[in-house]
Amino acid sequence: MLFAWMLRDFAKPVISHIPWIIKQFGKDGDQPPDEWFGEQAVFRLSLGNCILFSGLALVMSFPAPVKYKDDWRDAYIHHGGYLVKAMLWLVCNIVPFFFSNGVITVYAAVSKVVSPLFLAIQTLIIIDATNAWNEAWVFEGEEDERYLYALLVATVGAYGASCVMIVLSYVWFSPSGPDCSLNMSLITIGLIACVVLSILTLHPSVRRVNPGASIFVASAITLYVSYLGFSALQSEPRDYECNMLGQRLNAASSTTLAMGMVLTLASTVWAAFRAGSNTRTFQTDAEDSLLEEAEMTSSGVDMAPSSDAGMTRDAASPAHKDQDREAVTYNYVQFYIIFALASMYTGMLMTGWGSGRIEKDLIDVGWTSVAVKITSQWIAAALYMWTLVAPIILPDREF
């Protein structure tokens with residue numbers, strides 16, 4: 001991603017000498033703006049990484065998904081073969097520069113539609129991870145009350161941080177002078193969503209059908225929803241009169257802007273790793289049973305006393321052999337698919353979602369970025385509220 005960042009801002013001297021990329025403009029034709037060259041570099045690198053991770057996902061899928069650690073694909077591809085993967089990465093990042101502009105245009109259009117899935121998956125991961133965190137600490141709290149106090153502190157801290165972001169949003173993105181009714185509306189809608197989902201979590205009807213509904217989980221989702229709203233407003237164009245923070249950042253040093261870009265890219269990588277290696281959110285019932293059986297075998301739970309003949313017969317059965325094998329801890333196919341989506345998402349971040357407005361030392365700025373993040377904010381709040389009311393609306397379904 002750092003390579004894509006550098007090429008985005010300094011790609012023209014390189015791409016302007018690649019004839020099959022600039023041939024549509026002709027020898028004497030008008031040259032495209034510098035931003036066009038930056039977009040071409042970013043989209044081609046994004047496509048290369050997407051091809052690499054999609055290919056690895058296919059390898060991990062066929063002829064059957066990797067389920068056990070003794071599978072050769074685990075040792076030689078996923079947890080090994082680093083030199084080969086480095087060479088593949090280099091090839092995949094070079095090949096797209098031989099593609100026609102039409103291929104890149106189609107890829108950019110597909111990325112604009114598909115990459116928001118990366119944000120939606122982040123939301124599901126946060127909901128699932130905070131629920132698991134809450135369950136684990138409540139269970140530990142039965143023996144040690146310090147876990148319950150820690151949950152209380154975390155809940156108060158999350159709500160406190162949310163309040164700070166909402167107040168700063170009103171101060172920095174809705175100043176009293178200009179007409180900033182749009183920003184005022186967006187901040188207020190986000191605030192209302194946070195209040196509603198918190199009240200809904202504590203509602204008796206929800207608690208009756210979903211005793212595990214926790215105010216701690218609600219506080220974490222509130223924090224995430226508040227962050228998405230704040231981040232969306234921060235992505236408004238720097239010259240927008242209601243973006244007071246952006247105007248202040250315009251006066252900041254290039255070092256400060258570069259640090260902001262690095263933090264954005266680092267958070268994207270972290271989110272991809274978290275989503276890719278998550279073991280609960282996208283796990284099927286069959287995979288869940290597989291891991292449970294493996295754990296039970298390793299602890300001796302399923303080794304009930306029996307006759308020697310019975311034990312010999314069981315040991316020779318395929319099922320028993322499978323139970324003796326160590327299962328993988330997460331879905332490798334999911335891991336690489338998440339990184340393919342992250343490659344698309346990063347391409348959109350760096351190019352302002354293909355808007356053609358690229359500013360040096362800035363990423364994820366533009367009205368398209370604002371719209372994507374605000375939509376993600378609403379979807380995050382709606383998904384969490386759906387997890388609360390779904391057992392009430394569909395009582396015959398298991399959630």
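Definitions and limits used
- Residues numbered from 1 in each chain as written.
- Predicted model: local features only at pLDDT ≥ 70, side-chain atom pairs only at ≥ 80, totals over all residues.
- Heavy atoms only, no water.
- Helix = DSSP H or I, 4+ residues; strand = E, 2+ residues; numbered from the N terminus.
- Buried < 20%, exposed > 50% of the residue type's maximum accessible area, 1.4 Å probe, protein only.
- Areas by Shrake-Rupley, 256 points an atom, 1.4 Å probe, with all protein chains shown as cover.
- Expected span 1.5 Å × (residues − 1).
- Contact = heavy atoms within 4.5 Å.
- Axes fitted to C-alpha atoms, helices over the stretch in contact; angles between N-to-C directions.
- Left-handed = near helix turned anticlockwise from the far one by under 90°.
- Polar contact = N/O pair within 3.5 Å; in protein donor to acceptor, adjacent residues only side chain to side chain.
- Phe/Tyr/Trp six-rings, centres within 6.5 Å; stacked < 30°, edge-to-face > 60°.
- Core = buried A, V, L, I, M, F, W, Y, C linked by side-chain atoms within 4.5 Å.

## Details of the overall build of the protein
Scanning the protein for helices and strands turns up 19 helices and zero strands. Here the protein holds 399 residues, and 42% of them are scored as buried. If you sum the accessible surface of the protein, you get close to 21300 Å²; carbon and sulfur atoms cover 67% of it.

## Some remarks on helix H7 (residues 101-114)
With 14 residues, H7 extends 20 Å from end C-alpha to end C-alpha; this agrees with the ideal 20 Å at 1.5 Å per step. In this structure, the buried side of H7 is in contact with helix H3 (19-22), helix H4 (34-61), helix H8 (116-141) and helix H18 (332-350).

## Some details on the packing of H8 against helix H19 (residues 367-393)
Helix packing for two helices is described by the angle between their axes and how far apart those axes are. At a minimum axis separation of 10 Å, H8 and H19 run at an interaxial angle of 35°. Note that H8 runs across H19; the crossing there is right-handed. Of the residues in H19, those touching H8 at Leu-119, Thr-123, Leu-124 and Ile-127 are Val-372, Ser-376, Ala-380, Leu-383 and Tyr-384.

## Some words on the side chain of Ser-61
Turning to its location among the elements, Ser-61 is positioned in helix H4. Given a relative accessible area of 18%, Ser-61 falls into the buried group. Excluding residues within four positions of it along the chain, Ser-61 makes contact with Arg-73 and Val-333.

## Quick word on unusual backbone geometry
Cis rather than trans, the peptide bond between Phe-62 and Pro-63 has omega equal to 0°. The topology assignment puts Pro-63 in the loop between H4 and helix H5 (72-78).

## Describing the environment of Thr-130
Tracing the backbone shows Thr-130 in helix H8. Considering only alpha carbons, one finds Thr-130 and Ala-218, 88 residues apart in sequence, at a separation of 9.0 Å. Discounting residues that sit within four places of it in the chain, Thr-130 has contacts with Phe-216, Val-217 and Ala-220. For Thr-130, the side chain forms a polar contact with the main-chain oxygen of Ile-127, separated by 3.1 Å.

## Describing the packing of aromatic side chains
Within this structure, the stated rule accounts for twelve aromatic pairs. An angle of 45° between the planes, with centres 5.3 Å apart, marks the rings of Phe-53 and Phe-339 as tilted. Here Phe-339 lies in helix H18 and Phe-53 lies in helix H4, a separation of 286 residues in the sequence. When sorted by exposure, Phe-53 lands in the same class as Phe-339, which is buried. Note on Tyr-240 and Trp-367: the rings are 5.0 Å apart at their centroids and 75° apart in plane angle, and the pair reads as edge-to-face. Of this pair, Tyr-240 sits in the loop between helix H12 (215-234) and helix H13 (244-250) while Trp-367 sits in helix H19, and the two are 127 residues apart along the sequence. Assessed through its relative accessible area of 18%, Tyr-240 is described here as buried.

## Some points on the environment of Gln-334
With respect to the helices and strands, the residue Gln-334 is situated in helix H18. Residue classification places Gln-334 among the buried residues on the basis of a relative accessible area of 11%. Taking the C-alpha atoms as reference points, Gln-334 and Ser-61, separated by 273 residues in sequence, lie 9.7 Å from one another.

## With respect to the nonpolar core
Counting residues in each nonpolar core, the largest one holds 35 residues, and the members touching the most others are Phe-53, Leu-56, Met-60, Phe-118, Tyr-332, Tyr-336 and Tyr-345. Secondary-structure elements contributing two or more residues to this core are H4, H7, H8 and H18. The dominant element in this core, judged by the number of residues it contributes, is H18, at 13 residues. Setting aside anything within four residues of it in sequence, one finds Tyr-332 in contact with Met-60, Val-66, Asp-74, His-78 and His-79. The next biggest cluster of nonpolar side chains, apart from the first, holds 18 residues, and it includes Ala-193, Leu-197, Val-206 and Leu-388.

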